[in-house]
Amino acid sequence: MCRNIRILFNFEPPVTPEEIRAASLQFVRKVSGFNKPSKANEAAFAAAVEAISAASRSFLDTLQTAAPPRNRVDEAMKAHARATLRFSK
């Protein structure tokens, strides 16, 4: 369920609001146990996603590093290689 939660810090180009929202959505889904909330819980679900998105953006904006930014293509290739190795067994 949480496969879309990715490292969002120190990338070039920087993380987008859509990426932060996708990670927030996956987090709320995992915590709540709902892939899609019922009508009764829809407002609370949406509010939680927005609150976590805002907190994540604030957190990412305050982090500092001396490391060079990561390259998205290189990181995707590494993840693919790890997945291939992991699931080929």
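In the block above lies the structure referred to throughout.
Please read these numbers as outputs of a predicted model, since none were measured by experiment.

1. Some details on the overall build of the protein
Then comes step 1: If you tally the helices and strands in the protein, you get 3 helices and 2 strands.
Then comes step 2: Going residue by residue from the N terminus, the α and β elements of the protein occur as β-α-α-β-α.
Then comes step 3: Relative to a compact globule of 89 residues, whose C-alpha radius of gyration would be 12 Å, the protein shows 16 Å and is clearly more extended.
Then comes step 4: For the C-alpha atoms alone, the extent of the protein along its principal axes is close to 45 × 40 × 15 Å.
Then comes step 5: Looking at the protein residue by residue over its 89 residues, the buried ones come to 18%.
Then comes step 6: Taking contacts inside the protein between residues at least 6 apart in sequence as the whole, the part at least 24 apart equals 71%.
Then comes step 7: For the protein, the accessible surface area stands at approximately 6900 Å², while carbon and sulfur atoms represent 61% of it.
Then comes step 8: Each charge sign in the protein was given a centre, from 14 positive and 8 negative side chains, and these centres are 11 Å apart.

2. Side note on the packing of helix α1 (residues 17-32) against helix α2 (residues 42-62)
Then comes step 1: Running from N to C, α1 and α2 cross one another at 125°; their axes reach a closest spacing of 8 Å. Considering their axes alone, α1 and α2 lie oblique with respect to each other. Remark: the crossing between α1 and α2 carries right-handed chirality. Between α1 and α2, the residues in contact are P17, I20, R21, S24, L25, F27, V28, R29 and S32 and F45, A48, V49, E50, I52, S53, S56, R57 and L60, respectively.
Then comes step 2: When its residues are assigned to classes, the contact of α1 with α2 shows 10 nonpolar, 4 polar and 4 charged.

3. A word on the pattern of salt bridges
Then comes step 1: Under the criterion given, the structure shown has 5 salt bridges.
Then comes step 2: The salt bridge involving K39 is made with E42; its shortest N-O contact spans 3.8 Å.

4. Considering the side chain of S24
Then comes step 1: Assignment of secondary structure puts S24 in helix α1.
Then comes step 2: Apart from the residues lying within four places of it in its own chain, the contact partners of S24 are V49, I52, S53 and S56.

5. Here's the deal with the packing of aromatic side chains
Then comes step 1: Under the defined criterion, the tally for this structure stands at 0 aromatic pairs.
Then comes step 2: The ring of F11 has R70 lying over it, and the distance from NZ or CZ to the ring centre is 5.5 Å.

6. Overview of the environment of R82
Then comes step 1: Residue position: R82 is located in helix α3 (residues 72-87).
Then comes step 2: Sequence-wise, R82 and V31 are 51 residues apart; in three dimensions their C-alpha atoms are separated by 26 Å.

The rules behind these values
Each residue is numbered by its place in its chain's sequence as written, counting from 1. Totals for whole chains, interfaces and linings use all residues, but because this is a predicted model, local features are given only for residues with pLDDT of at least 70 and pairs of side-chain atoms are given and counted only at 80 or more. Processing note: side-chain calculations cover all non-hydrogen atoms of the structure and skip hydrogens and water entirely. Secondary structure is summarised from DSSP: a helix means a run of H or I of at least four residues, a strand means a run of E of at least two, and numbering begins at the N terminus for each. Just to be clear, the radius of gyration here is over C-alpha atoms, and the globule rule we use is 2.2 Å times residues to the power 0.38. Between buried and exposed lies partly exposed: a residue is buried under 20% and exposed over 50% of the maximum accessible area for its type, with that area taken using a 1.4 Å probe on protein chains only. Residues count as neighbours in contact if any of their non-hydrogen atoms are within 4.5 Å of one another. For the accessible areas, the method is Shrake-Rupley and the probe is 1.4 Å, while residue cover comes only from the protein chains on display. Charged residues are defined here as Lys and Arg on the positive side and Asp and Glu on the negative side; His and the ends of the chain fall outside this count. Here the site of a charge means atom NZ of a Lys, CZ of an Arg, CG of an Asp or CD of a Glu. Between the N-to-C directions of two axes lies an angle of 0 to 180 degrees, each axis being a line fitted to C-alpha atoms and, for a helix, fitted only over the stretch in contact. When describing relative orientation, an angle under 35 degrees is termed roughly parallel and one over 145 degrees roughly antiparallel, while 65 to 115 degrees is termed roughly perpendicular and anything else oblique. Should the near helix be turned anticlockwise from the far one by less than a right angle, the crossing is termed left-handed; should it be turned clockwise, right-handed. Residue polarity is assigned by list, with Asp, Glu, Lys and Arg as charged and Ala, Val, Leu, Ile, Met, Phe, Trp, Tyr, Cys and Pro as nonpolar; anything else, Gly included, falls into the polar class. In the sections that follow, a salt bridge refers to a side-chain nitrogen of Lys or Arg positioned within 4 Å of a carboxyl oxygen of Asp or Glu. In this analysis, rings of Phe, Tyr and Trp, with Trp reduced to its six-membered ring, are considered paired at centre separations within 6.5 Å, and the interplanar angle assigns stacked below 30 degrees, edge-to-face beyond 60, and tilted for intermediate values. A positively charged side chain is recorded as over a ring if its NZ (Lys) or CZ (Arg) lies within 6 Å of the ring centre. The angle to the ring normal must also be within 35 degrees.

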